[in-house]
Amino acid sequence: AFSTHAAILAKEPALQENFYGVHILDSRVWVVGYYGTILHSKDRGLTWKIQRSPTRSSLFRVRFLSGEKGWISGSYGTLLYTADGGNNWSAQPTGTIEQLFGLTSVNEHTGWAVGSRGTILHTQDGGRSWLNSSLSEDLTFSDVAFVNPSRGWIVGEFGVIFQTRNGSQSWDKQKSPVEVSFVSGESRNLFALLFPEPENGWAFGLDGVILKTRGGSRWEIVRQKK
């Protein structure tokens, strides 16, 4: 067993490196990371299989709508798509070379990806084409969440929060209780969003910061480092 494990590590150096994204759907799990690595489990992690990847770029986020259709975002504008549970992954053109850290979708046609330098991409045709609605601000966005095709939020560097009510046609900056200016030298980055209900959500950030919103318009701190 040890020699088999060693042989796998020698063949797949990514298995010794970082993993960045995970998605759990019933008993099925996908994990993505360095060197284009995609791992899949059909039994909640008891056994794992390496899925063939068309890229060696780092992969940051994986999202599945069903057991068959899913997307992965990564470095240098990488976006991968599968329609068969990951047996076959193909690259979708994005027109950007920015890092795509955040990824979400509300149905098999409509999704968003966000990342470095204010990058915001939007698809309405399942990823065959991606529209660029990036902001002019030099910010890194870490995550994006939508509760329906119109309403969504983005969080990222310096604790910023943006929202849209029109499906990404325009974005409005929200008042964030942890936002700091670039010149302050502080790091109050927000890394993840969770909206289990349409109007109630959480944002998670550096040093254990947790923000909560009721209604999606105002955010308050519910936990921070003392």
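Source: prediction; values computed, not measured.

Caption draft 1: Summary view of unusual backbone geometry. Here the phi dihedral of Asp26 falls at roughly 55°; this positive angle occurs in a residue that is not glycine. Within the secondary structure layout, Asp26 lies in the loop between strand 1 (19–25) and strand 2 (28–33). Phi is positive for Arg44, which is not a glycine, with a value near 55°. The class for Arg44 is exposed, based on a relative accessible area of 56%.

Caption draft 2: View of the nonpolar core. Ile120, Phe141, Ile154, Phe162 and Trp171 are the most contacted members of the largest nonpolar core, which totals 14 residues. Elements that contribute at least two residues to this core include exactly strand 10 (111–115) and strand 13 (141–146).

Caption draft 3: Here's a closer look at the sheet that holds strand 14 (residues 152–156). In spatial order, the strands read 13-14-15-16; together these four strands make up an open sheet with antiparallel pairing. At either margin of the open sheet sits one strand with a lone partner, and together these are strand 13 and strand 16 (172–174). Ignoring which end each strand starts from, the neighbouring axes of this sheet average 25° apart. By the bridge criterion, three bridges tie strand 15 (residues 161–164) to strand 16 in an arrangement that is antiparallel. Opposite Ile161, over in strand 16, you have Gln174 as the bridge partner.

Caption draft 4: A look at the environment of Lys173. Tracing the backbone through its elements, the reader meets Lys173 in strand 16. On the basis of relative accessible area, Lys173 is assigned to the partly exposed category, the value being 43%. Separated by 19 residues in the primary sequence, Lys173 and Ile154 have C-alpha atoms spaced 9.4 Å apart. Not counting the four nearest positions on each side in its chain, Lys173 is found in contact with Glu137, Val160, Ile161, Phe162 and Glu179. A distance of 2.7 Å separates a polar atom in the side chain of Lys173 from a polar atom in the side chain of Glu179.

Conventions adopted
- Residues numbered from 1 in each chain as written.
- Predicted model: local features only at pLDDT ≥ 70, side-chain atom pairs only at ≥ 80, totals over all residues.
- Heavy atoms only, no water.
- Helix = DSSP H or I, 4+ residues; strand = E, 2+ residues; numbered from the N terminus.
- Buried < 20%, exposed > 50% of the residue type's maximum accessible area, 1.4 Å probe, protein only.
- Core = buried A, V, L, I, M, F, W, Y, C linked by side-chain atoms within 4.5 Å.
- Pairing = 2+ DSSP bridges.
- Axes fitted to C-alpha atoms, helices over the stretch in contact; angles between N-to-C directions.
- Contact = heavy atoms within 4.5 Å.
- Polar contact = N/O pair within 3.5 Å; in protein donor to acceptor, adjacent residues only side chain to side chain.

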